[in-house]
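Report on the structure
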Amino acid sequence: MAERKKVTVPLLIEMKRRGEKIAALTAYDATMGALLDEAGLDLILVGDSAAMVVAGYETTLPMSMEAMLYHTAAVRRGVKQALLVADMPFLSYQVTIEEAVRNAGRFFQEAGAEAVKIEGGAEMAETIRRLTVVGMPVLGHLGLTPQSIRKFGGYVLQGTTEQEAERLLDDAHALEQAGVFGIVLEKVSLEVAKRITEAVSVPTIGIGAGPHCDGQILVTYDMLGLFEKFRPKYVRRYAELARIIRQACTGYVDDVKRGQFPSIEESYTGEQE
């Protein structure tokens, strides 16, 4: 078997040109990062979704820079081949361009990220341009942007009117011109996602945006059936690990309570073993 290539930003752009789909998932720790990397993921995102699926918050808004740096550094230790992208958390890049550059730089310098992700359209173009000028690749994010959930009033489908569609197209062009290497499209109607994908030269990576994007990403905890608080229409469950974990832990509790674990075979004697 040919040795797998290290995924880089230019390789992802080349994949779009060749019509090769990009597979992406999220990770928050070294163990999961290593498993996803071994499975052949092209891009692994250390998502601020950790706020919900790991920390138990109701939204992504409470996630801090320090927490995201911790998770990114942990995933870095497990990932060798996939492109590692860190989500910039709420208020880490929106206040000033200088602050955005400083915070983004920490992901590269302290946590080993190879790119950062920023939510927002044309209003973020100058920030993105500055980051790319100083050598930090940026993945854009349009459509349903979770850090703006209070503005949207919920997890609402985007691009449902022609006016919204044109705004998203304009935003995609603005991000492309600012220098992003790709754009996440979240919860966007499949027709609009197709139009954007055909209109820009950089890859689009969909999450609830239909089959026409250049790649797909899901929250791993959703895809594996670990996070059960809600199940969006666009999530395909490839496993039901929450049920399996409950069964395993219940079995362990039962064995301990009945004195059946550990057995003699699972215990040490006085001899060196």
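Throughout what follows, the structure given in this document is the object of discussion. Source: prediction; values computed, not measured.

Procedures and definitions
Residues numbered from 1 in each chain as written. Predicted model: local features only at pLDDT ≥ 70, side-chain atom pairs only at ≥ 80, totals over all residues. Heavy atoms only, no water. Helix = DSSP H or I, 4+ residues; strand = E, 2+ residues; numbered from the N terminus. Rg over C-alpha atoms; globule rule 2.2 N^0.38 Å. Buried < 20%, exposed > 50% of the residue type's maximum accessible area, 1.4 Å probe, protein only. Contact = heavy atoms within 4.5 Å. Areas by Shrake-Rupley, 256 points an atom, 1.4 Å probe, with all protein chains shown as cover. Lys, Arg positive; Asp, Glu negative; His and termini not counted. Charge placed at Lys NZ, Arg CZ, Asp CG, Glu CD. Pairing = 2+ DSSP bridges. Axes fitted to C-alpha atoms, helices over the stretch in contact; angles between N-to-C directions.

1. Quick word on the overall build of the protein chain
Scanning the protein chain from N- to C-terminus turns up eleven helices and eight strands. The C-alpha atoms of the protein chain give 21 Å as radius of gyration, which agrees with the globular expectation for 273 residues (19 Å, within 12%). Counting all 273 residues of the protein chain, 49% fall into the buried class. Of all intrachain contacts in the protein chain linking residues separated by at least 6 positions in sequence, the fraction that spans at least 24 positions is 59%. Only carbon and sulfur atoms are counted for the fraction: they give 55% of the accessible area of the protein chain, which is about 13,900 Å². Where the 30 positive side-chain charges of the protein chain centre and where its 37 negative ones centre are 3 Å apart.

2. Structural notes on the sheet that holds strand 2 (residues 43–46)
The eight strands are arranged 1-2-3-4-5-6-7-8 in a closed barrel whose pairing can be described as parallel. Direction aside, the axes of adjacent strands within the sheet are offset by 25° on average. Judged from the four bridges that link them, strand 6 (residues 182–186) and strand 7 (residues 204–207) form a sheet pairing that is parallel. Bridge assignment links E186 to a residue of strand 7, and that residue is I207. Each of strand 3 (83–87) and strand 4 (115–119) touches helix 5 (residues 97–111); the most contacted strand, strand 4, lies at about 150° to it.

3. Notes on unusual backbone geometry
Cis peptide bonds are those with omega within 30 degrees of zero, and the linkage from F261 to P262 qualifies with 0°. Here P262 lies in the segment after helix 11 (241–257). Backbone geometry at L91 places phi at a positive 70°, although glycine is not the residue there. Checked against the element boundaries, L91 lands in the loop between strand 3 and helix 5. On the basis of relative accessibility, which here comes to 47%, the residue L91 falls in the partly exposed class. Residues other than glycine seldom take positive phi values, yet K187 does so here, at roughly 45°.

4. Observations regarding the side chain of S189
Relative to the helices and strands, S189 resides in the loop between strand 6 and helix 9 (190–199). Classification of S189 as buried rests on a relative accessible area of 13%. Residues in contact with S189, not counting those within four places in the same chain, are L157, Q158 and G159.

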